[in-house]
Amino acid sequence: MEIQKKISAVIITFNEEKNIKRCLESLLGVADEIIVVDSFSTDQTENICKQYQVKFISQAWLGYSGQKNFGNSLATSDYILSIDADEALSDELKKSLLDLKINPAHDIYSIKRLTNYCGKWIKHCGWYPDKKIRVWKNGKSQWHGEIHESIQYDTGLTVSELKGDLLHYSYYTIQDHLSQINLFTEIMAKDEVKKGKTVTILQLLLSPLFKFFKSYFIKLGFLDGYYGFIVCVISAQASFYKYLKIRELLKK
């Protein structure tokens, strides 16, 4: 009889006292090892984590990919589950992961992510199904990218999708969203400039309009009601900010 495979859950944190308990609770009975790589939180994140059987490591910030890859290097199980502090496993996803441990048919697995925005589950706007590779055989993949990082893996590996949703508790207030896009567009703009990206006035004007039209009408954001509208407006705003910041950096 084949021995059941094990899963290491890897989480990076910084001041996640609002979210981390929910995340850890969802991993109980599924993850055989939980690794938390913390960037010296100043809130109760560490104290909450230490109420659970986790490996808690303090590590200076290495960037999104660097921090996650550092956590992955500490994992000892057959498979790695990468999960953010503001995410949690749905019941169906828990079952899928338990089935994987018994019958690991593939090397890489993607998961659909369902986002909760100010208390509303967003099922359109281009936000769902937001498929992400989050499970893979230990040593078979690495994170790449400065922001909105993604998993890169060798050719020849088999890829499948797990049933169930990764529940993403993204923003508690609209102000949280606005603050994050200001930070993220700053990072994205710098990254694009490094790659030689240029922006015309036409792109600056039309890209936000196209982004809103695509998210609200083509991706059916209007079906998500008031918050669907807000999501689409702020997504368009983020597009404008990114292109504006690229132009400003190029001027300097």
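As a starting point, this report considers the structure included with it. (Residues numbered from 1 in each chain as written. Predicted model: local features only at pLDDT ≥ 70, side-chain atom pairs only at ≥ 80, totals over all residues. Heavy atoms only, no water.)

### Structural notes on the pattern of salt bridges
The following threshold applies: Every case where a carboxyl oxygen of Asp or Glu lies within 4 Å of a side-chain nitrogen of Lys or Arg is listed as a salt bridge. Helix and strand labels come from DSSP, where a helix needs a run of H or I of at least four residues and a strand needs a run of E of at least two; each type is numbered from the N terminus. Only protein chains enter the accessibility calculation, which uses a 1.4 Å probe; a residue whose area is less than 20% of its type maximum is buried, one above 50% is exposed, and one in between is partly exposed.
All told, the structure shown has 18 salt bridges when counted by the stated rule. Between E149 and K68 there is a salt bridge whose closest N-O contact spans 2.7 Å. Here K68 lies in helix α3 (residues 64–73) and E149 lies in the loop between β9 (141–144) and β10 (150–153), a separation of 81 residues in the sequence. According to the relative accessible area criterion, E149 is buried, its value standing at 17%. Exposure remark for K68: the relative accessible area of 4% places this residue in the buried category. Its salt-bridge partner being K132, residue D130 comes within 3.5 Å of it at the nearest N-O pair. On the basis of relative accessibility, which here comes to 18%, the residue D130 falls in the buried class. Judged by its relative accessible area of 31%, K132 falls in the partly exposed class. Each of K68, D84, E87, R113, D130, K132, R134 and E149 takes part in one network of salt bridges that share partners.

### Some thoughts on a nonpolar patch on the surface
Our working rule: By definition, no residue in a patch forms a salt bridge, and every one has over 30% relative accessible area; like charges are joined within 9 Å, nonpolar side chains (Val, Leu, Ile, Met, Phe, Trp, Tyr) within 5 Å. The Shrake-Rupley method, run with a 1.4 Å probe, gives the accessible areas here. Residue values count only the displayed protein chains as cover.
A contiguous nonpolar surface patch, about 560 Å² in accessible area, is contributed by F213, F217, I218, L220, F222 and L223. In this structure, L220 sits in the loop between α6 (201–218) and α7 (225–251). Residue L220 is classed as partly exposed on the basis of its relative accessible area, which comes to 34%.

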